[in-house]
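Here are the chains, one letter per residue:
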Amino acid sequence: MVQKVKSIWIEGELVAWDDAKIHVLTHSLHYGLGAFEGVRAYKRGDGTTAIFRLHDHLDRLFDTCRLVMIEPRFTHDQVAEACQALLRDNAMDEAYLRPVVYVGDGAMGVLAPDNPIRTMIIAWKWGAYLGRDAVELGIRAKISSWARHHVHVSLAKGKIMGQYTNSTMAKREAKMGHYDEAILLDVNGYVAEGSGENLFIVKKGRLITPPLSASILAGITRDTILAIAREEGIPVAEEMISRDQLYLADESFFTGTAAEVTPIREVDDRKIGPGTVGPVTKRLQDRYFGIVKGTDESHPEWLTRL
Ligand SMILES: Cc1ncc(COP(=O)(O)O)c(C=O)c1O
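Predicted model only: the values in this text are computed from it and were never measured.

1. As for the pairing of strand 8 (residues 139–143)
Logical step 1: The alternating pattern of strand 8 places Ile139, Ala141 and Ile143 on a buried face and Arg140 and Lys142 on a face that is not buried.
Logical step 2: Bridge count for strand 8 against strand 15 (residues 260–267) is 3 bridges, and the pairing is parallel. Residue Ile139 lies in a different strand from strand 15, and its bridge partner there is Ile264.
Logical step 3: Of the strand pairs in this sheet, strand 8 and strand 9 (residues 181–185) are connected by 3 bridges, and their pairing is parallel. Pairing of Ile143 across the sheet is with Ile183, part of strand 9.

Below is the structure:
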């Protein structure tokens, strides 16, 4: 359960948590057209708070809006300022932030071209998405019976509300089968991503992840890991990954704002490498947590300090 905090930002106002309500005719609730983001603010080693890659997340929010042709009433800078105001109002030194741009109530039917486009931001405390043990010991994943969206059917580069029924079905199926997370293949059988994470493998010292032209979200954590790997001198490739390449990988891990860097120790009951957290994964994970939590000051350009 999400623990309530004092306020939620809606349409330029900070509204008391319990008063943050939307109308039952909200168009996005019925048809799923809308954009959202997930951003984390971390408390750093020195006691200050910084939002990680806020501007990259907001660029993707506005890109998603462009993809589905909705225009927020607020600018990028106004939403960025609102995220910070929300954290201050709730005295939160750590939070998960959820900006949402959605189609409000007015007309019904899929067209509804003149319904108001509304913006809201919610903040809550969210620990390790797949559990603390998951980050330290790795998780068991299952290839889903659900394929990832085909690029000719949906807009995988958008974080579009309605597209997440695919992720929800895959995640529920995996959990009902007593696995921790789903891995979705594309319609051609190549590895795409998790229900809410990008996927990496390590093979013979090379770090490999599907390219952006695959049916994946352009994850900001994915981009962060690619940048860190290059700095570490780890050879990096953006290539399609087949199911057998995944099974035969030396290491594998998920990345995401919520999941952070989570090792995958098993896929479809097969151990990945020795079934423990691999050395490349550990090295990248340590640097990632160092950067977001403030023991590593090498990327100040990724931080929006409160
Ligand atoms: C489907 C999907 N893939 C990948 C990711 C990881 O993206 P990011 O690292 O930007 O959080 C997310 C999370 O937003 C997601 O929902």
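On we go.
2. Topic: the pairing of strand 1 (residues 7–10)
For a regular strand, side chains alternate in direction, first toward one face of the sheet and then toward the other.
Logical step 1: Alternating positions in strand 1 separate into two faces, Ser7 and Trp9 on one and Ile8 and Ile10 on the other, with burial throughout.
Logical step 2: The sheet contact formed by strand 1 and strand 2 (residues 13–16) spans 4 bridges and is antiparallel. Considered in strand 2, the bridge of Ser7 is made with Ala16.
Logical step 3: The turn joining strand 1 and strand 2, which pair antiparallel and follow one another in sequence, is formed by 2 residues; a positive phi near 50° is taken by Glu11.
Logical step 4: Where strand 1 and strand 7 (residues 117–124) come together, 2 bridges link them in antiparallel fashion. Each residue of the ladder has a partner; that of Trp9, found in strand 7, is Ile121.

3. Regarding the site of the ligand
Logical step 1: Around the ligand lies a shell of 16 residues, among which Tyr164, Glu193, Ile220, Thr221 and Thr257 are the nearest.
Logical step 2: One nitrogen or oxygen atom from the main chain of Ile220 is found 2.7 Å from an oxygen atom belonging to the ligand.
Logical step 3: Within the side chain of Thr221, one N or O atom sits 2.6 Å away from an oxygen atom of the ligand.
Logical step 4: Within the complex, 96% of the 380 Å² of free accessible area of the ligand lies under protein.
Logical step 5: Mapped by element, the contributors of at least two residues to the shell around the ligand are helix 2 (54–68), helix 6 (220–231) and strand 14 (251–256).
Logical step 6: Looking at side-chain class alone, the shell around the ligand contains 3 nonpolar, 9 polar and 4 charged residues.

The rules behind the values
Residues numbered from 1 in each chain as written. Predicted model: local features only at pLDDT ≥ 70, side-chain atom pairs only at ≥ 80, totals over all residues. Heavy atoms only, no water. Buried < 20%, exposed > 50% of the residue type's maximum accessible area, 1.4 Å probe, protein only. Helix = DSSP H or I, 4+ residues; strand = E, 2+ residues; numbered from the N terminus. Pairing = 2+ DSSP bridges. Near = heavy atom within 4 Å. Polar contact = N/O pair within 3.5 Å; in protein donor to acceptor, adjacent residues only side chain to side chain. Areas by Shrake-Rupley, 256 points an atom, 1.4 Å probe, with all protein chains shown as cover. Nonpolar A, V, L, I, M, F, W, Y, C, P; charged D, E, K, R; others polar.

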